[in-house]
Amino acid sequence: MTVAVTIPAALARLFPGAPRHFELEAGTVAEAIAALNALHPGMADRIRDTTPAIRRHLNVFVGGEKATLATPLPPGSEVLVMTAISGG
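These numbers were taken from a predicted model, which means no experiment stands behind them.

1. Some remarks on the sheet that holds strand 3 (residues 58–62)
Either a parallel or an antiparallel arrangement is found when strands of a sheet pair, and the pairing is made through backbone hydrogen bonds.
Next up, step 1: Here we have five strands laid out as an open sheet, ordered 2-1-5-3-4, and mixed in their pairing. Single-partner strands in this sheet number two, and they are strand 2 (21–25) and strand 4 (65–66).
Next up, step 2: Pairing of strand 3 with strand 5 (residues 78–83), which is carried by five bridges, proceeds in the antiparallel orientation. Counted as the bridge partner of Val60 is Val81 from strand 5.

2. Section: helix 2 (residues 29–39)
Next up, step 1: Among the residues of helix 2, Val29, Ala32, Ile33, Ala35 and Leu36 are the ones counted as buried. Taken around the axis of helix 2, the buried residues stretch over an arc of 160°, which confines them to a single face.
Next up, step 2: The secondary structure elements touched by the buried residues of helix 2 are strand 1 (2–6), strand 2, helix 3 (43–47) and strand 3.

Quick notes on the rules
Residues numbered from 1 in each chain as written. Predicted model: local features only at pLDDT ≥ 70, side-chain atom pairs only at ≥ 80, totals over all residues. Heavy atoms only, no water. Pairing = 2+ DSSP bridges. Helix = DSSP H or I, 4+ residues; strand = E, 2+ residues; numbered from the N terminus. Buried < 20%, exposed > 50% of the residue type's maximum accessible area, 1.4 Å probe, protein only. Arc of directions from axis to C-beta. Contact = heavy atoms within 4.5 Å.

This is the structure we're talking about:
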């Protein structure tokens, strides 16, 4: 199942040569993160923590809806990893 994954520029900069957009084979968000990590070792550690869960300073959206590691990815899904925005 091919899905499109977009990562933030701040994350791509940590991995020289990494693009911001990927076409990956994955059935869940966790599998998409593992696929990113296979291409750029260490990327998974920047996206998920040790519990494992998505790091609190990041949000992952699938089809515009906030996702978790267990969120399924139907073929053709668009996954967006973005830094959390806060303010006050």
